[in-house]
Amino acid sequence: MSVNELECCESTEIHEDLLKSVTEHMPDEEELYDLAELFKVFGDSTRIRILYVLFEEELCVCDIAEALQMTQPAISHQLRILKQAKLVKNRREGKSVFYSLADGHVRTIIAQGKEHIEE
């Protein structure tokens, strides 16, 4: 669809009652910014692949790197981003650091995104 094909109003008419309803429910700018930042984290296929691996098991960096055929430093970098976004958590066991999903919301976000693209 080109810009010329977009449908627009033929005249300017402000619907005050509708705008009032919309603005009352609009989150503040900080919350909108935080939400946009969260969704940016999902904008990388490697991070999505890591999350899918963690759907199945809690794994150490070595295991994730092996499963995805990537280097440990590359995986660690992506895990750091996922952890900062509170999408994964970690725990140390001896010399290994194990990662898992932070909570059930992560699975829900991915599942809903997948459902949306399959429509």
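Coordinates for the structure precede this section.
Residues numbered from 1 in each chain as written. Predicted model: local features only at pLDDT ≥ 70, side-chain atom pairs only at ≥ 80, totals over all residues. Heavy atoms only, no water.

## Structural notes on the overall build of the protein
Spelled out, the test is: Runs of E in the DSSP output that reach at least two residues are strands. Runs of H or I that reach at least four are helices, and both are numbered from the N terminus. Only C-alpha atoms enter the radius of gyration; for comparison, a globular chain is expected to reach 2.2 Å times N to the power 0.38, where N is the number of residues. Exposure classes here rest on a 1.4 Å probe applied to the protein chains alone. A residue is buried below 20% of its type maximum, exposed above 50%, and partly exposed in between. Computed by Shrake-Rupley with a 1.4 Å probe, the accessible areas treat only the displayed protein chains as cover when residues are assessed. The charged-residue count follows a simple rule in which Lys and Arg add positive charge and Asp and Glu add negative charge, with His and chain termini not counted at all. Note on charges: their place is set at NZ of Lys, CZ of Arg, CG of Asp or CD of Glu.
Counting secondary structure elements, the protein contains six helices and three strands. Beginning at the N terminus, the succession of helices and strands in the protein can be written as α-α-α-β-α-α-β-β-α. Here the protein has a C-alpha radius of gyration of 20 Å; the compact-globule value for 119 residues is 14 Å, and the former is much larger. Along the first, second and third principal axes, the C-alpha atoms of the protein reach 65 × 30 × 25 Å. Counting every position in the protein, which comprises 119 residues, the buried fraction comes to 24%. Total accessible area on the protein is roughly 9,400 Å²; 53% of this is exposed by carbon and sulfur atoms. Distance between charge centres in the protein, computed from 13 positive and 24 negative side chains, equals 16 Å.

## Things to note about the packing of aromatic side chains
Put simply, the rule reads: Pairing of aromatic side chains here covers Phe, Tyr and the six-membered ring of Trp, requires ring centres within 6.5 Å, and sorts the geometry by plane angle: under 30 degrees stacked, over 60 edge-to-face, intermediate tilted.
Here the structure, examined in full by the defined rule, presents two aromatic pairs. When the centroid spacing of 6.3 Å and the interplanar angle of 45° are considered together, the rings of Phe39 and Phe42 count as tilted. Here Phe39 falls in the partly exposed class, since its relative accessible area comes to 48%. Look at Phe42 and you get buried, because its relative accessible area is 15%. Between Tyr52 and Phe55, the ring centres sit 4.9 Å apart and the planes meet at 55°, which makes this aromatic pair tilted. Of this pair, Tyr52 and Phe55 both sit in helix α3 (residues 45-56), three residues apart, roughly one helical turn. The exposure class assigned to Phe55 is buried, which follows from its relative accessible area of 13%.

## Regarding the environment of Ser96
Filter applied, for reference: Pairs of residues are marked as contacts when any of their non-hydrogen atoms sit within 4.5 Å.
Locating Ser96 in the fold gives a position in strand β3 (residues 96-101). Once the C-alpha coordinates of Ser96 and Val61 are considered, the two residues, 35 residues apart in sequence, prove to be 7.9 Å apart. Once you skip the residues sitting within four places of it in the chain, Ser96 turns out to touch Cys60 and Arg91.

## A look at the environment of Tyr52
Under the relative-accessibility criterion, Tyr52 is labelled partly exposed at 34%. Note: C-alpha distance between Tyr52 and Thr71 (19 residues apart in sequence) is 18 Å.

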